[in-house]
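Structure assessment
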Amino acid sequence: MSNATRRASKKGSRWATAVAHPNIALAKYWGKLPGDGNVPAVPSLSVTLAGMRTTTTVAFDATLVDDELILDDQLQAANGRAKIRATQLLDRVRAAASTTSRARIVSANDFPTASGLASSASGFAALALAAVHAADLDWSAERVADLARRSSASAARSVFGGFVELDGGAEGGASRVVAGPNALDLRVIVAVTTEAAKSTSSTDGMKLTQERSPYYAAWVADAPDAHARMRAAVVAGDFTRVGELAERSALSMHACAMAAGIVYVTGATLAALAEVRAMRASGLEAYATIDAGPHLKCLARCADVAAVHERLAAVPGVVRIIETRPGEGARLADEDAS
Ligand code: DP6
């Protein structure tokens, strides 16, 4: 990292720009431990996805009276949820750096924001890394991930590249790399079903699930074992096992949430899921996963990307396809080679 990029020359204004990718959980978490630590109730394992990115600049400026957040070219309301969450992260950085300077944050996604494409994961990973460097803190990636997790738990996993696990339950909220981006013959093809923002955030959806789903206890009991099996399949480089376990994890999470009245899937999501299953029946090995939104992410081998792309693009309600691959963790913009 060069000091020229990290800090503006103007006195009292220090800045940094970071890039991060979303991640998709192959073994999902859903639900939090009680308390305000934002620790997931169960462990999870994800793959960081090159092919979609958030770019965020944080500039501390002693002349500002409040933090300012510009998200996808829109100045966010001072009392809006996005701005409040960003300020909470910056407050932790300010406390660690012993500064009271407010900051201007400019963040942009090259994919739909807040629609279940994990924009909060890449968003808070990029924000945490940029803020830590703009404040001149010399933190490890693990500490940056812990900062990101406190804002959005899945964001911890986007700090790292490749296959990443996040501890949950009594294990606490630490995260680490399980395997590098090339550990598996894997591509993730995203079937985007709407460009609109989702109606129930992950935070609210999981809270309601914990309160209302008759299946929540069963989900919490099953997820650690599902995570351990996924970890073993990833380490073994077993695409088939990873795919089977990923589809099972996604359907278990959605079944648990649906029983609480939280429905993220739409007709288009289910039509895409049926197509993935039809692919398998016809000998094209592909698996589906779905996060807290209506899009479907299809796991396929590298050689099958074109065939899967074509079939998903033809599903009614699928508006566009994004091809992604296992990628790098969050990094400063001047270290970005992609
Ligand atoms: C379905 O980590 O985005 O993607 O911490 O409340 O911001 P908050 O929630 P978040 O929820 C992610 C839920 C999930 C599953 C997963 O990523 O493991």
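For the ligand, the set of nearby residues contains 18 residues, the closest of which are Tyr29, Ser152, Ala153, Arg157 and Thr203. The side chain of Tyr29 places a nitrogen or oxygen atom 2.7 Å from an oxygen atom of the ligand. Here an oxygen atom of the ligand sits 2.8 Å away from a polar atom, N or O, in the side chain of Lys32. Isolated, the ligand exposes 460 Å² of accessible area, and the fraction of that covered by the protein chains is 95%. No other element matches the three residues that helix α6 (residues 202-212) contributes to the shell around the ligand.

Attention shifts here to helix α2 (residues 81-97). With 17 residues, α2 extends 24 Å from end C-alpha to end C-alpha; this agrees with the ideal 24 Å at 1.5 Å per step. Of the positions making up α2, those classed as buried are Lys83, Ala86, Thr87, Leu89, Leu90, Val93 and Arg94. Seen end-on, α2 carries its buried residues on one side only, within an arc spanning 165 degrees. One or two residues past the end of α2 sits Ser98, with phi positive at roughly 50 degrees.

Per the stated rule, a full pass over the model turns up 22 salt bridges. In this structure, Asp66 and Lys83 form a salt bridge, with 3.4 Å as the shortest nitrogen-oxygen distance. Taken together, the positions of Asp66 in the loop between β4 (54-61) and β5 (68-71) and Lys83 in helix α2 put the pair 17 residues apart, joining distant regions of the chain. Judged by its relative accessible area of 5%, Lys83 falls in the buried class. A salt bridge links Glu247 to Arg277; the shortest N-O distance between them is 3.0 Å.

On the secondary structure map, Arg150 appears in helix α4 (residues 141-151). Using a relative accessible area of 36% as the deciding quantity, one classes Arg150 as partly exposed. Along the primary structure Arg150 and Gly173 are separated by 23 residues, whereas in three dimensions their C-alpha atoms are 8.9 Å apart.

Let us look at the environment of Thr209. In this fold, Thr209 is placed in helix α6. With 74 residues separating them along the chain, Thr209 and Gly283 place their C-alpha atoms 36 Å apart. Every residue in contact with Thr209, bar those within four places of it in the chain, is listed here: Trp30, Tyr216, Cys256, Ala257, Ala260 and Ile262.

Turning our eyes to something else, we now look at the confidence of the model for the chain. Here the chain averages 93 in pLDDT, and 93% of its residues register 70 or above. Every residue in residues 1-11 scores below 50 in pLDDT, and together they form 22 contacts with partners more than four places removed in sequence or on other chains.

The subject of this paragraph is the packing of aromatic side chains. As enumerated under the stated definition, the model contains two aromatic pairs in all. Across the ring face of Trp139, the terminal group of Arg143 is positioned such that the distance to the ring centre comes to 4.1 Å.

Turning next to the environment of Arg231. Tracing the backbone through its elements, the reader meets Arg231 in helix α7 (residues 216-235). For the pair Arg231 and Ala121, spaced 110 residues apart in sequence, the C-alpha to C-alpha distance is 21 Å. In this view, Arg231 contacts Leu45, Glu165 and Val178; residues no more than four positions away in its chain are not counted.

Let us look at the pairing of strand β8 (residues 163-166). Because side chains alternate across β8, one face comprises the buried residues Phe163 and Glu165, and the other comprises Val164 and Leu166, equally buried. Bridge count for strand β3 (residues 44-50) against β8 is four bridges, and the pairing is antiparallel. Paired with Val47 across the two strands is Phe163, which belongs to β8. In this structure, β8 lies alongside strand β9 (residues 175-179), joined through four bridges in antiparallel fashion. When the bridges of β9 are listed, Glu165 appears paired with Arg176.

Rules behind the numbers
Residues numbered from 1 in each chain as written. Predicted model: local features only at pLDDT ≥ 70, side-chain atom pairs only at ≥ 80, totals over all residues. Heavy atoms only, no water. Near = heavy atom within 4 Å. Polar contact = N/O pair within 3.5 Å; in protein donor to acceptor, adjacent residues only side chain to side chain. Areas by Shrake-Rupley, 256 points an atom, 1.4 Å probe, with all protein chains shown as cover. Helix = DSSP H or I, 4+ residues; strand = E, 2+ residues; numbered from the N terminus. Expected span 1.5 Å × (residues − 1). Buried < 20%, exposed > 50% of the residue type's maximum accessible area, 1.4 Å probe, protein only. Arc of directions from axis to C-beta. Salt bridge = Lys/Arg side-chain N within 4 Å of Asp/Glu carboxyl O. Contact = heavy atoms within 4.5 Å. pLDDT = per-residue confidence, 0-100. Phe/Tyr/Trp six-rings, centres within 6.5 Å; stacked < 30°, edge-to-face > 60°. Lys NZ or Arg CZ within 6 Å of the ring centre and 35° of its normal. Pairing = 2+ DSSP bridges.

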